[in-house]
Amino acid sequence: MAGAIVVEGLVKSFGTVEALRGIDLDVAPGTVFGLLGPNGAGKTTAIRILTTLLLPDGGRAEVVGLDVVRDAEALRSRFGLAGQSAAVDENLTGLENIEMVGRLYHLPSAEARARAVEILERFGLADAAGRQAKTYSGGMRRRLDVAASLVARPDVLFLDEPTTGLDPRSRMDLWAMIRELVNEGKTILLTTQYLEEADNLADRIAVIDLGTVIAEGTSDELKDQIGGEVLELHVQDRADLATIVEILAGIGTGEPTLDHEAGRIRIPVGSAGPSTLLDSVPRLDDGSIAIADIALHRPTLDDVFLSLTGHAAEQEEDPDAAATKRRGRARGEDPR
Ligand SMILES: Nc1ncnc2c1ncn2[C@@H]1O[C@H](COP(=O)(O)OP(=O)(O)O)[C@@H](O)[C@H]1O
Ligand SMILES: [Mg+2]
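Note that this is a predicted model, so its numbers are computed, not measured.

Scanning the protein from N- to C-terminus turns up twelve helices and 14 strands. Here the protein holds 336 residues, and 41% of them are scored as buried. Taking as baseline every contact in the protein between residues at least 6 positions apart, the subset at least 24 positions apart corresponds to 69%.

Spelled out as structure tokens, the structure:
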């Protein structure tokens, strides 16, 4: 085991729910690793095990060469964690929040304070240092939370959905913060539901669904897996979707994926995109199909997710209902 974070066959159940069904990960030092998956995929469970907050049922994991079970005590001071629900104390000021975390890491009080001042300065929170955290915006709170995870100068950071719920501007600020930390040599494992976030930040990505890693690689590798370009059509009348699949049978390099709700068909077309596009238009005309839009595009991670799982990486209100639905689909039951 040589990576900064190494996971082998990690398994965890809660009652009858198999939250992790044997995942393997290997995160090289000084890189950002993105654990990408929808609600209920098992991301937080993995982070909780890696940060010694939860015991696995099986498999093993090491962080900075320390076993998360056997060496838990020694490991605790070696990583930073910014959890999914920010651990910020609303009634304390920004400065007091970070100082408090420093004291939890047993820094002497003068050092905890000096470190808090330094960190707040560095992440653009110096002006707000003396204000209670309840006056902070959502973006500032997240930055404060990530900043607090740096108090003990850890080499490895775990960030659980660091930008979920943030506006685009705050998201960009956090991305910049994360990039800076990686440039300094930190290793970061972040979880996200946002394909765009993984695409932008992560050196490598593991796509996780229902407790299993269903694909792993760089963003480009994942996109290449589904074979080059994608022809995407939007219909005016959703009832035409099935007819289009018939009309365009054999035109692409793989199976079309349908999104009934969006009235959309995506067909992988390899590198023959332009000629496929030209071929398909007269065929659709002959079939009197009204197309709202037709375009070629390089696959997004959305396409990857769709092609791997047969469903979009949708965000749903109730994660358990969503996961139950996905389990049903995985067993071949009617998706609706
Ligand atoms: N403490 C718990 N008790 C019971 N079920 C849990 C608990 N923690 C997580 N789960 C379940 O395990 C699955 C994975 O959850 P989680 O790791 O939180 O997913 P994610 O972070 O990817 O949204 C979900 O079905 C969730 O309901
Ligand atoms: Mg989670």
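Here we take up the nonpolar core. Ile-5, Leu-50, Ile-98, Ala-147 and Val-207 are the most contacted members of the largest nonpolar core, which has 69 residues in total. Inspection of this core shows a minimum of three residues originating in each of domain 1 (5-222) and domain 2 (223-330). Not counting chain neighbours up to four residues away, the residues in contact with Val-207 comprise Leu-36, Gly-37, Val-213, Ile-214, Ala-215, Val-304, Phe-305 and Leu-308. By size, the runner-up hydrophobic cluster in this structure holds ten residues, among which are Val-230, Val-235, Ile-244 and Ile-265.

This paragraph deals with the sheet that holds strand β14 (residues 291-297). The four strands are arranged β12-β13-β11-β14 in an open sheet whose pairing can be described as antiparallel. On the outer flanks of this sheet lie β12 (257-259) and β14, each paired with one strand and no other. Here the average twist between neighbouring strands, direction ignored, is 20°. As paired elements, β12 and strand β13 (residues 264-270) share three bridges and run antiparallel to each other. The residue bridging Leu-258 from the neighbouring strand is Ile-265, located in β13. Where helix α10 (residues 273-286) meets the sheet, its contacts fall on β11 (229-235), β13 and β14, and the angle it forms with β11 comes to roughly 25°.

Take helix α4 (residues 109-122) next. Here α4 spans 20 Å end to end across 14 residues, near enough to the 20 Å set by a 1.5 Å rise per residue. Residues of α4 that are buried sit in contact with α3 (94-104) and α5 (138-148). Positioned one or two residues after α4, Gly-124 has a phi angle of 70°, which is positive.

So, on to the pairing of strand β9 (residues 204-209). Counting buried residues in β9 gives five out of six residues, a clear majority hidden from the surface. Inspection of the sheet shows strand β3 (residues 32-36) paired to β9 by four bridges, in the parallel sense. Along β9, the bridge assignment pairs Gly-34 with Ile-205. Note that β9 and strand β10 (residues 212-217) share five bridges and pair antiparallel. Across the sheet, the residue bridging to Asp-209 is Thr-212, located in β10. From the end of β9 to the start of β10, which pair antiparallel, there are two residues, and Leu-210 there has a positive phi angle of about 50°.

Thresholds applied
- Residues numbered from 1 in each chain as written.
- Chains lettered and ligands numbered in written order.
- Predicted model: local features only at pLDDT ≥ 70, side-chain atom pairs only at ≥ 80, totals over all residues.
- Helix = DSSP H or I, 4+ residues; strand = E, 2+ residues; numbered from the N terminus.
- Buried ≥ 20, exposed ≤ 12 C-beta atoms within 10 Å, placed from the backbone.
- Contact = placed C-beta atoms within 7 Å.
- Core = buried A, V, L, I, M, F, W, Y, C linked by C-beta atoms within 7 Å.
- Domains from an automatic or database assignment.
- Pairing = 2+ DSSP bridges.
- Axes fitted to C-alpha atoms, helices over the stretch in contact; angles between N-to-C directions.
- Expected span 1.5 Å × (residues − 1).

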